[in-house]
Amino acid sequence: AETTTTETTGDAPSQLEQLSKMTTLSIDSGDLNVIKAYANTGYITDATTNPLFVSQAGLSGDPVYAKLVDDAVAYAMESNEANEAATISLAIDRLAVNLGAAIANIVPGYISTEVDPR
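Residues numbered from 1 in each chain as written. Predicted model: local features only at pLDDT ≥ 70, side-chain atom pairs only at ≥ 80, totals over all residues. Heavy atoms only, no water.

1. Some points on the pattern of salt bridges
Within the structure shown, the criterion is met by two salt bridges. Across the pair Lys21 and Glu17 runs a salt bridge, and its minimum N-O distance is 3.8 Å. Given a relative accessible area of 64%, Lys21 falls into the exposed group. Its salt-bridge partner being Asp71, residue Lys67 comes within 2.9 Å of it at the nearest N-O pair. Taken together, the residues Lys67 and Asp71, both in helix 4 (residues 63-78) and four residues apart, mark about one turn of the helix. Here Asp71 falls in the partly exposed class, since its relative accessible area comes to 35%. (Salt bridge = Lys/Arg side-chain N within 4 Å of Asp/Glu carboxyl O. Buried < 20%, exposed > 50% of the residue type's maximum accessible area, 1.4 Å probe, protein only. Helix = DSSP H or I, 4+ residues; strand = E, 2+ residues; numbered from the N terminus.)

2. Quick notes on helix 3 (residues 51-59)
Listed in full, the buried residues belonging to helix 3 are Phe53, Val54 and Ala57. With its buried residues spanning 100° around the axis, helix 3 presents them on a single face. Turned more than 90 degrees away from the buried face of helix 3 sit Leu52 and Leu59, all of them exposed. Looking at the buried residues of helix 3, the elements they touch are strand 1 (25-28), strand 2 (44-49), helix 4 and helix 5 (84-104). (Arc of directions from axis to C-beta. Contact = heavy atoms within 4.5 Å.)

3. Here we look at the pairing of strand 1
Residues Leu25 and Ile27 of strand 1 are buried on one face, while the alternating residues Ser26 and Asp28, pointing to the opposite face, are not. With four bridges connecting them, strand 1 and strand 2 associate as parallel partners. By the bridge assignment for strand 2, Asp28 is matched with Thr48. For the segment spanning strand 1, helix 2 (residues 32-39) and strand 2, crossover handedness is right-handed. (Pairing = 2+ DSSP bridges. Right-handed = clockwise from strand over helix to strand, strands pointing away.)

4. As for the environment of Gly100
Relative to the assigned elements, Gly100 resides in helix 5. On the accessibility criterion, Gly100 (8% relative accessible area) is buried. Not counting residues up to four positions away in its chain, the partners in contact with Gly100 are Ile111 and Thr113.

5. Points about the pairing of strand 2
Where strand 2 lies against strand 3 (residues 111-113), three bridges are found, and the strand directions are parallel. Across the sheet, residue Thr49 finds its bridge partner in strand 3, namely Thr113.

6. Let's talk about the packing of helix 4 against helix 5
Viewed as axis vectors pointing N to C, helix 4 and helix 5 meet at an angle of 135°, and their least axial separation amounts to 8 Å. Relative to helix 5, the element helix 4 lies oblique. Judged by the twist between their axes, the crossing of helix 4 over helix 5 is right-handed. Taking contact as the criterion, the partners of Tyr65, Leu68, Val69, Asp71, Ala72, Val73, Tyr75, Ala76 and Met77 in helix 4 are, on helix 5, Thr87, Leu90, Ala91, Arg94, Leu95, Asn98 and Leu99. Across the contact of helix 4 with helix 5, the residue classes break down as twelve nonpolar, two polar and two charged. (Axes fitted to C-alpha atoms, helices over the stretch in contact; angles between N-to-C directions. Parallel < 35°, antiparallel > 145°, perpendicular 65-115°, else oblique. Left-handed = near helix turned anticlockwise from the far one by under 90°. Nonpolar A, V, L, I, M, F, W, Y, C, P; charged D, E, K, R; others polar.)

Set out below in C-alpha cells:
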C-alpha cells in the first residue's frame with residue numbers, strides 16, 4: 001500500500017524523504033526559520049527567493065530582517081547614486097543579496113535570488 005502521509009510513521013519514509021531520493025529539492029521561501037526547519041531534515045539542499053519574499057522580510061519587523069534592511073539601506077546610501085530612485089533600487093537589490101546570503105548560511109546547495117534585471 002502506498003503511503004500518503006508527509007510524516008514518517010515507524011520505519012516508512014516520509015513523502016519528502018522519498019522525493020529527495022529522486023531529485024534535488026529546493027525550498028521557495030524568504031522565511032529563514034521555515035528554510036532552516038526544512039534544511040534540518042537533510043532533504044532540502046537548495047533554496048530560491050523572489051522580490052515578494054524579500055519585501056515581506058523587509059516589512060516583518062523581525063530584528064534579523066531589520067538588520068538585513070538596515071545594511072541594504074546603508075550600502076545604497078554610501079553608493080552616492082545619481083538620484084533617489086536609483087538609491088532605492090540599489091537598496092532593494094542589496095536586500096535581495098543580503099537575504100540570499102542569509103539563506104546560503106542555512107542550505108548547503110544552490111541559492112537563487114530573483115532581481116529586476118533593469
